Amino acid sequence: MEAVTDLAHGGRWTSLRHGGREWLWHREDPARDGVAPDGVARDGVAPGDAFVDAGGLEECVPTVRGAPDHGDAWSRAWTRDGRTDRVRCERFTLTRELSATADGVEAAYALTAEPGFLFLWAAHALLDLAEDAVVRTRYGAPTRLFPEAAPLLDRPWPAGTPWLEGGWPAPLGLRLDRFGPDDGTAVGAVVAGGRCCVHDGADRLALAVEAEGQPLSVALWRNLGGFPAGRPYRSTGVEPMLGRVFDLADAGPDDAARVPASGEVRWRLALSAACHCPH
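A brief structural summary. In this text the structure is predicted, and so the values were computed from the model without any measurement.

Calculation notes
- Sequence order as written defines residue numbering, which begins from 1 separately in each chain.
- Local features in a predicted model are, by the rule used here, given only for residues with pLDDT of at least 70; side-chain atom pairs are given and counted only at 80 or more, and totals for whole chains, interfaces and linings are based on all residues.
- Each side-chain value is worked out from all heavy atoms of the structure, with water and hydrogens disregarded.
- Only one rule defines a salt bridge in this text: a Lys or Arg side-chain nitrogen within 4 Å of an Asp or Glu carboxyl oxygen.
- Only protein chains enter the calculation, and the probe is 1.4 Å; a residue is then buried if its accessible area is under 20% of its type maximum, exposed if over 50%, and partly exposed in between.
- Each helix is a run of DSSP H or I of at least 4 residues and each strand a run of E of at least 2, with the numbering of both proceeding from the N terminus.
- For this analysis, a polar contact is any N or O atom pair within 3.5 Å, provided that within protein one partner can donate a hydrogen and the other can accept it, and provided that sequence-adjacent residues contribute only side-chain to side-chain pairs.
- We call two residues contacting when some pair of their heavy atoms lies within 4.5 Å.
- If DSSP finds at least two bridges between two strands, the strands pair.
- In this description, a line fitted to the C-alpha atoms serves as the axis of each element, helices being fitted only across the stretch in contact, and the angle between N-to-C directions of two axes falls anywhere from 0 to 180 degrees.

## Topic: the pattern of salt bridges
Okay, so step 1: Under the definition given, this model contains 17 salt bridges.
Okay, so step 2: Between E22 and R17 there is a salt bridge whose closest N-O contact spans 3.7 Å.
Okay, so step 3: Given a relative accessible area of 15%, E22 falls into the buried group.
Okay, so step 4: Using a relative accessible area of 36% as the deciding quantity, one classes R17 as partly exposed.
Okay, so step 5: The residue R234 makes a salt bridge to D182 at a minimum N-O spacing of 2.6 Å. Separated by 52 residues along the polypeptide, R234 in strand 18 (residues 233–242) and D182 in the loop between strand 13 (164–167) and strand 14 (185–192) bring together distant segments of the chain.
Okay, so step 6: In this structure, a network of salt bridges that share partners links the residues E59, R80, D85 and R96.

Here it is in structure tokens:
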């Protein structure tokens, strides 16, 4: 498996290829042609800008939704020192080292910040999948739905509630393990546990995140032509993450990663063509 990243444009993974199959979906947008490393707005994007979706795999940290939109790392230029990729943000520094494994790719991460700093991180991977692609993870795993799911449920959404929880693969009766054809809907979910596997025809992509003492999840983004309003398109995301919510502002006591007294959090992301489906 081969991975390609673009340090100048937010550290985004632009290719994940195995056996002639490209897994990452792409969307052209000229607004992503440049970033402003010093935070001064110019052609392209600058920190704090609204997210510009170009597909691939984005490093979303310290939040996914909320402010800053899709985090603070995607809109900054990264640097490389030897094998280490690095981005410096206002309140933290994130490093990443990619390496090949027997059947895939592994990324080793470290985030340094003041002790007690809370954050979310997601490997925001938008995948190029067929309509009948399936996501497999542990049956019954606690799965959180968010307010955009309200029109798809058979019950009213409680006012002011940031999320509701049910069991995978059909939390509160909403089947999520198959993507399906475009139907004008868009829904996100966060599934507890850091492992899943995508089955698309004969191809497999296993995704896993490991971190000691931090909350592990897999986020799902199933946009079947329902987002954004006005100019919707299809995009399907499977996203290992630290944390259990999309917006850091909604995080409860155990819903976000926390920097310990050492000032550093380390974790690993593994992507593999070998199927190790959880049961």
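## Some words on the side chain of S272
Okay, so step 1: Along the polypeptide, S272 turns up in strand 20 (residues 264–272).
Okay, so step 2: With relative accessibility at 9%, the residue S272 sits in the buried group.
Okay, so step 3: For S272, the side chain forms a polar contact with the main-chain nitrogen of A274, separated by 2.9 Å.
Okay, so step 4: Ignoring any residue separated from it by four or fewer positions in sequence, one finds S272 in contact with M1, D103, G104, R204, L205 and A206.

## Concerning the pairing of strand 7 (residues 93–100)
Okay, so step 1: Pairing between strand 6 (residues 84–88) and strand 7: five bridges, direction antiparallel. Following the sheet pairing, R88 is matched in strand 7 by T93.
Okay, so step 2: Here strand 6 folds back onto strand 7 in antiparallel fashion, the turn holding four residues.
Okay, so step 3: Examined bridge by bridge, strand 7 and strand 8 (residues 104–112) share eight bridges and lie antiparallel to one another. If you follow L94 over to strand 8, its bridge partner there is L111.
Okay, so step 4: In this structure, the hairpin formed by strand 7 and strand 8 is closed by a connection of three residues.

## Notes on the sheet that holds strand 5 (residues 79–81)
Okay, so step 1: The eight strands are arranged 5-6-7-8-20-16-15-11 in an open sheet whose pairing can be described as antiparallel. Where the open sheet ends on each side, the last strands, each with one partner, are strand 5 and strand 11 (134–136). Going from strand to strand, the sheet's axes swing by 20 degrees on average, the running direction of each strand aside.
Okay, so step 2: Looking at chain direction, strand 16 (residues 203–210) and strand 20 are connected through five bridges and run antiparallel. Across the sheet, E210 pairs through a bridge with R268, a residue of strand 20.

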